[in-house]
Structure formats: C-alpha cells, structure tokens
Amino acid sequence: MRAMFRTSYAQDLLLARSPAAWGWYGLLMLVLLAIPHVLGEFYVGEMAGVFVFAIAGVGLMLLIGYTGLVSLGHAAFLGIGAYTNAILLTKGVPFIFSLPAAGLLTALFGVLIGIPTLRMSGLYLAIATLAFGSIVGIVLEKWHGLTGGFDGLAVPTPAIFGYVIEGRTGVYYLSLAILVAVLLVAMNILRSPLGRAMVAIRDSEISAQSMGIHLAFYKTVAFAISAGITGLAGAAYGHYTNYLAPDGFGILLSIQLVTIVFIGGLGSLHGAIFGAIFISMLPQAIALSRDSLPFGIGRLPGLEPSLFGIILVLVIMFEPAGINGRWLKAKRWFGEFPLHRRAAFRRQKSYAKSERLR
Amino acid sequence: MSQDDSYFAARDLSMRFGGIRAVEGVTFDVRKGEVFSIIGPNGAGKTTIFNMISRIYTPSGGSLHFAGQDITRIAPHRIAGLGIARTFQNIELFSHATLLQNLLIGRHAHSHVPILSQLAFLPSVRQAEIDHRRKAEEVIEFLGLQRYRDQLIANLPYGVRKVVELGRALCIEPKLLLLDEPSSGLNVEETEEMGFWIQDIQKDLGITIIMVEHDMKLVSAVSNRVLALNQGRILSMGTSAQVQSDPEVIRAYIGGAPEPAKEAAE
C-alpha cells in the first residue's frame, strides 16, 4: 500500500491523484497511439469500435451511474448524432462543424425529451425513454427525404483542415481523440458542483432538494450532457460503419449500451471503458468459440443476445460493482499482499432504501 | 412585535391529506437565536410542519414567514439559499459518496459558477472549490469528524451519520436550522453529545434552531421554549417545565389514564 500525504486542498482537485498515476496514463496513451503502426487493420478497427462504445458508455454512465436515471433510449441519441453528422457532411458542411453540431443537436433533443420525462422516476422513466427510442427509430426509417430510409445513408469521409480521416486508422485516431476529450469533460463534471449535484440526486432526491439543488434543472442538464456525449459517439459510429441504416439504432443497441454501464460497474468512468471493451470483445469471443462448443450450442440462433442477458443477470447478482469492482479488488489484493484480509473481499449485503420519500 | 421576536413565524398553518387533517390552525413565532422544540405523540403533525417549512409539502392553508419574508409558496430548492437547513428523522445522506462530498453538497446553495465553466474546470471553478473545501473543513473541525473525512457514508456507524447530517446542514451556513428528531436511534451518551452540539450551534454560531424531539431530557436541556402538539393542534406552549406540567399534555401522552406514563414522568 502506498500512503498519500496531502498538503493542500488543491491537491484533491487534481485529475490524477499521484505522479505515478500520471505516468501510467501517459504510458497507456503512448501505447494506444502506437497501436495502428504495430497491429493489423482488423485489430485497429476492433479497437476503434471499443472507443466508440466507450464514448457512448461514458455518456450513459453519467446518467445511470452518477445521476441514477435509467435510459433505455440511448440508441436513439446515437442515431441522431450519427445522422446529423452524416447529413451535414453530405451537404458540404466541414467536419469541424458537423461533429460539434451532432453533439449539440443531440443534447438539444436530450433537453426536449428530458423536460417532460424527468418528472418520472425509475421504471416509468425507463419506459418513457424506451418509447422515445422506438419513435426515433420510426422517424429515421420513414423520413426518406432526409435519412434515405431503408436505402441507408453513406457517410462521407471527413477531413480536418485538409487532412483526410480515412480507413480504420483514421477512425481509430478520431474516436480516440473524442474519447479522451469526453473523459476529460466527464472528470471535470465529477469534481465540480454539477457532478456532486448529480450524485446527490442519485442518492436522495429529497435531501438534494433541501440542499438547494433544483431537481428538474439538474436532471435535464445531466440528460442533455449524456445525450450530447452519446451524439458524439454516434458521429464516430457513423464513420466507423461508413453506412447508416435505421434498423441499427433500435432497442438492441440501447440494451447493449445499458449493459456496458452495468457490466463495467455503476458509478465509475473506468467501468464505462471496461464495459465497452467487454461488449466489443464478446461477439468475437463467441465467434471464435462457436465451433468448439459441444452439442451444437455454437450454432444456435440468438446465442449472442441471450449470452448478454445471462451475463448481465450474473453480474448484477454476484458483482454489482461490475468489472471495475473486480479491478479495484485485484488492485487492493496485490497492494496488500501478503497481508490482505479475506473479509475485505467478501461481498456485503446492502439493502435498498425505501422509495417512500422520493 | 419586533422582527427578532418573530424571526420565523407560522400563521394559522394547516395541512390536509384527503380527509385527514394532519395540521390544523397552528400559529407560533420563533425568536432569533433561540432553540424552539416541538413535541407531541406520534402522528401529531410535527414532521408535517417541517416538511411544510422545507416546502416538500405545500400548506393547505395559512402562511410561513422567515426574516420578514413570506416563504409559503417559494420553490423547494430556494429554501436552502434563504438560509434554512434541515436534517431528517431517518437520515437522508448521500450514502455512496464520502463524508467530505456530502458536506460539499451542502455548499451547493453557495456555488454560483456557470455550468459551462464547470465542464472546462476553469480556474474560477478551482478557486471556488477550494473555498468550499475550506468551509467544509471548518465544519469537520467543529464537529470533530476528521478521521471519517474520506470514508463512504455507507461504511459509517449510525451515530456518526447523525452528526454528519448535522454537519451537512451547517455547511449551508444556515440562519435557521430544522432538526427532525436529532436523538432518534442514538444511545444515551450519543444523545447527550448531540445536546452539546445543539448548544454549541446555538451559542457559538448563533443559529436559530427548531427541533422536533421525543427525548424529553434532551428537550429540557437545550430548549428555550417548547410547543406541544396533538392531532395537528397546539396543546400548549411555553418553557419546557410549563409544557410538561400542563394537564392537557399529560392527557395527550397517557390518554387520561391515572398512572403516569414513562414519557410524561420525565
């Protein structure tokens, strides 16, 4: 265990708690920057997919993990972002404007949806966002003039100041850059009054209100920020797939996004990244093991969604803190080795608070 | 009547839930700087009055005044900004945040940095955060909570959480503090300690306190005046001794039976 000596209040506001942490993040960044020069096209593309899911995961984590509002309609925000960016590019708007526009317009949609729905809580909010998701799906499908309907929409290749972002490598760097920017913003939120207000709303609405937190306002802000980040993820997703079709932004994608947040670990940005890695790797793992599974299980239709479901249930039952919880436990185990206490790793039962006063 | 004599006032306050009259025509004044206790059997309407003051409920009738201002219809989130803080009977802390974060949330009413500059964490935000931290540390020192500073609330014992809730309310820098059963769930020593905190808050910080409490020993020790309620109506008002010897109050607690019940005997 490393002891931390704090000598000023400003120290607690730093992004990384120790110089060693900066070192590790810097090293990780160098490795990520070098990967396209080392690994093949396929792996670079896969990792770009991880980044895209991680961006959306961070957006949804702010909403579900930190504000405690569950949305089952985030695929719609991903879709709005992707289509906005693609349509603007088709109309000749430069990428440096179309990308922020995708984020801002999606955030605006977040506000519009947030104002009526955020007076609901829990299950009712989840159902309202689910309905919103399917409405957007239908609009993308039927508004042929704008979205191309089922014919789909080809996403033009973007360029920043004449530098063309092409191929797997281009998308890789683009989504990595967006992810880093989004993570910085998310960390800023979490160390600001805004982030604390979100956590307060999650843990006790009634006392958040008594502390002077305007519930409807902060819920709407959280929803807008979450939607905006997901919109940016959508723009990156468009370039990742090169081609947009309305059926790609349905309930299945929404559930995948929620799965990222739950499996990764609620209430941690690391969790959003871990969850994104997991959700992108699982289909590959299934594909690889398809032939070696007994009794023809590997050839059953619907194997992937059911595996997602089973894993989600198992995680909620046995490790509610998700992959991030495991990660923290592993770190602690190595940190204290060989003096760890077994009780520190045993899961404690905690009981849900009554919803009487919400 | 001067403004100090009626620092906080309830006028003909009523609250109905359907056919139930939880509070009916309650009028009282709280003087600046005093500890004013509200007692009464279960269901007397004590917490309902608190919930009306913190605007969780809108009164069905009557009005509330604080420092010369009518606060009957003010938005609930603006109450803290006026300088009214409260604690809850069953502890409503942010349990998955650390003690320090809980206190900093108490500073919310004092934070005015725009949201966009928070996204970028501009130097102004950083400076404001350090100022809030300094204030939170003052409260930590006042209540002796140093060793729990970075612990999650979920991991703290009940007695400590009760003090944390007091600390979070103090971070609002309130002028009026509403304490809803500060001693519930505490053992004898912790209750005594709570009494000392309340006296310190009144004397050292000069904060006016309205307290709902069942423990008559604590009420007698700290209150300047006591209001007894039963079934939503005022039974008696005066010093702790006057109220406790009021035959109406004794009857409300023991239902007119000849043997003195435990609570009334205290």
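Residues numbered from 1 in each chain as written. Chains lettered and ligands numbered in written order. Predicted model: local features only at pLDDT ≥ 70, side-chain atom pairs only at ≥ 80, totals over all residues.

Chemist: Quick rundown of the overall build of chain A? Include the residues and the values.
Modeler: Each helix and strand counted, chain A has 14 helices and 4 strands in total. Rg of the C-alpha trace for chain A: 21 Å, near the compact-globule value of 21 Å for 358 residues, within the 12% margin. By its C-alpha atoms, chain A is 60 × 50 × 50 Å across when sized along the principal axes. Burial status across chain A gives 42% buried among its 358 residues. Across chain A, contacts joining residues at least 24 apart in sequence account for 77% of those joining residues at least 6 apart. (Helix = DSSP H or I, 4+ residues; strand = E, 2+ residues; numbered from the N terminus. Rg over C-alpha atoms; globule rule 2.2 N^0.38 Å. Buried ≥ 20, exposed ≤ 12 C-beta atoms within 10 Å, placed from the backbone. Contact = placed C-beta atoms within 7 Å.)

Chemist: Requested: an account of the packing of helix α11 (residues 251–264) of chain A against helix α12 (residues 269–289) of chain A, with residues and values cited.
Modeler: All names here are of chain A. It is the contact of α11 with α12, at a shortest axis distance of 7 Å, that shows an interaxial angle of 120°. The orientation of α11 relative to α12 falls into the category oblique. Regarding α11 and α12, the two cross each other, and that crossing is right-handed. Contacts from Gln 256, Thr 259, Ile 260, Val 261, Ile 263 and Gly 264 in α11 reach Gly 271, Ala 272, Phe 274, Gly 275, Ala 276, Phe 278 and Ile 279 in α12. (Axes fitted to C-alpha atoms, helices over the stretch in contact; angles between N-to-C directions. Parallel < 35°, antiparallel > 145°, perpendicular 65-115°, else oblique. Left-handed = near helix turned anticlockwise from the far one by under 90°.)

Chemist: Go over the interface of chain A and chain B with me, naming the residues and quoting the values.
Modeler: Listed by partner, the interface residues are 27 residues for chain A and 35 residues for chain B. At the level of elements, α7 (167–190), α8 (193–203) and α9 (205–210) of chain A are the ones that each hand at least two residues to the side of chain A that touches chain B. Sort the elements by how many residues they give to the side of chain A that touches chain B and α8(A) lands first, with 7 residues. Tallied by class, the residues present in the side of chain A that touches chain B amount to 14 nonpolar, 10 polar and 3 charged. (Nonpolar A, V, L, I, M, F, W, Y, C, P; charged D, E, K, R; others polar.)

Chemist: Report on the domain arrangement of chain B, specifying residues and quantitative values.
Modeler: Residues and elements named next belong to chain B. Looking at the assigned domains, one finds that chain B contains domain 1 (1–83 + 174–266) and domain 2 (99–172). Here domain 1 and domain 2 have C-alpha centroids that lie 27 Å from each other. Contacts between the two partners involve 9 residues from domain 1, matched on the other side by 8 residues from domain 2. Elements supplying a minimum of two residues to the side of domain 1 that touches domain 2: α2 (79–82) and α7 (188–204). Among the residues making up the side of domain 1 that touches domain 2, the classes are represented as 6 nonpolar, 2 polar and 1 charged. (Domains from an automatic or database assignment.)

Chemist: Explain the packing of helix α3 (residues 99–106) of chain B against helix α5 (residues 123–143) of chain B to me, and be specific about the residues and the numbers.
Modeler: Residues and elements named next belong to chain B. Close contact between α3 and α5 brings their axes to 9 Å; oriented N to C, the two are set at 115°. In terms of axis orientation, α3 runs roughly perpendicular to α5. As for the relative orientation of α3 and α5, their crossing is right-handed in sense. Residue-level contacts link Leu 100, Leu 103 and Leu 104 of α3 to His 132, Ala 136, Val 139 and Ile 140 of α5. Along the lines of polarity and charge, the residues of the contact of α3 with α5 split into 6 nonpolar, 1 polar and no charged.

Chemist: I'd like to hear about the pairing of strand β4 (residues 61–66) of chain B, residue by residue, with values.
Modeler: Residue and element names in this part refer to chain B. Pairing analysis gives 5 bridges linking strand β1 (residues 8–17) to β4, with the strands arranged antiparallel. When the bridges of β4 are listed, Ala 10 appears paired with Leu 64. Pairing of β4 with strand β5 (residues 69–70) involves 2 bridges; the strand directions are antiparallel. Along β5, the bridge assignment pairs His 65 with Asp 70. (Pairing = 2+ DSSP bridges.)

Chemist: Could you give an account of the nonpolar core, with specific residues and numbers?
Modeler: Among the nonpolar cores identified, the biggest contains 169 residues, and Val52(A), Ala54(A), Ile55(A), Val58(A), Leu232(A), Ala236(A) and Ile209(B) are the most heavily contacted of them. Considering every element that reaches this core, the biggest residue donor is helix α2 (residues 41–66) of chain A, with 17 residues. Two domains each provide a minimum of three residues to this core, namely domain 1 (1–83 + 174–266) and domain 2 (99–172) of chain B. Among all residues touching Leu232(A), those that are not within four sequence positions of it are Ile55(A), Gly81(A), Leu99(A), Ala102(A), Gly103(A), Ile178(A) and Val182(A). (Core = buried A, V, L, I, M, F, W, Y, C linked by C-beta atoms within 7 Å.)

Chemist: Pulling in residues and values, what's your account of the confidence of the model for chain B?
Modeler: All names here are of chain B. Looking at chain B as a whole, the pLDDT averages 88, with 95% of positions reaching at least 70. Taking the mean pLDDT of every element in chain B, the minimum, 49, falls on helix α11 (residues 262–265) and the maximum, 94, on strand β8 (residues 208–212). In the predicted assembly, ipTM is 0.86 and pTM is 0.88. (pLDDT = per-residue confidence, 0-100.)

Chemist: Give a detailed account of the sheet that holds strand β9 (residues 225–230) of chain B, specifying residues and quantitative values.
Modeler: Working definition: the strands of a sheet are paired by backbone hydrogen bonds and lie parallel or antiparallel to each other. All names here are of chain B. Judged by pairing direction, the sheet is mixed, and its 6 strands sit side by side in the order β6-β7-β8-β3-β9-β10 without closing on themselves. Across the chains shown, the open sheet's two edge strands, defined by having one partner strand only, are β6 (84–86) and β10 (233–238). Shown here is a sheet whose adjacent strand axes are inclined to one another by a mean of 15°, direction ignored. Across 5 bridges, the pairing between β9 and β10 is antiparallel. Paired with Leu 227 across the strands is Met 237, a residue of β10. On the sheet, α7 packs against β3 (35–39), β7 (176–180) and β8 and is oriented at approximately 155° with respect to β8.

Chemist: Please set out helix α3 (residues 74–90) of chain A residue by residue, giving values where relevant.
Modeler: All names here are of chain A. Under the 1.5 Å per step criterion, the end-to-end length of α3 is 24 Å for 17 residues, consistent within 8% with the ideal 24 Å. Most of α3 sits out of view: 16 of its 17 residues are buried. Following α3 by one or two positions, Gly 92 has its phi on the positive side, about 90°. (Expected span 1.5 Å × (residues − 1).)

Chemist: Before we move on, could you go through the sheet that holds strand β2 (residues 20–30) of chain B and cite the residues and values that matter?
Modeler: An order of β2-β1-β4-β5 (chain B) is seen for the 4 strands of this open sheet, with the pairing classed as antiparallel. In this open sheet, the two strands that pair with only one neighbour each are β2 and β5 of chain B.

Chemist: Please set out the pairing of β1(B) residue by residue, giving values where relevant.
Modeler: All names here are of chain B. As paired elements, β1 and β2 share 7 bridges and run antiparallel to each other. Paired with Ala 10 across the strands is Phe 28, a residue of β2. Here β1 hands over to β2 after 2 residues, with Gly 18 in that stretch at a positive phi of 60°.

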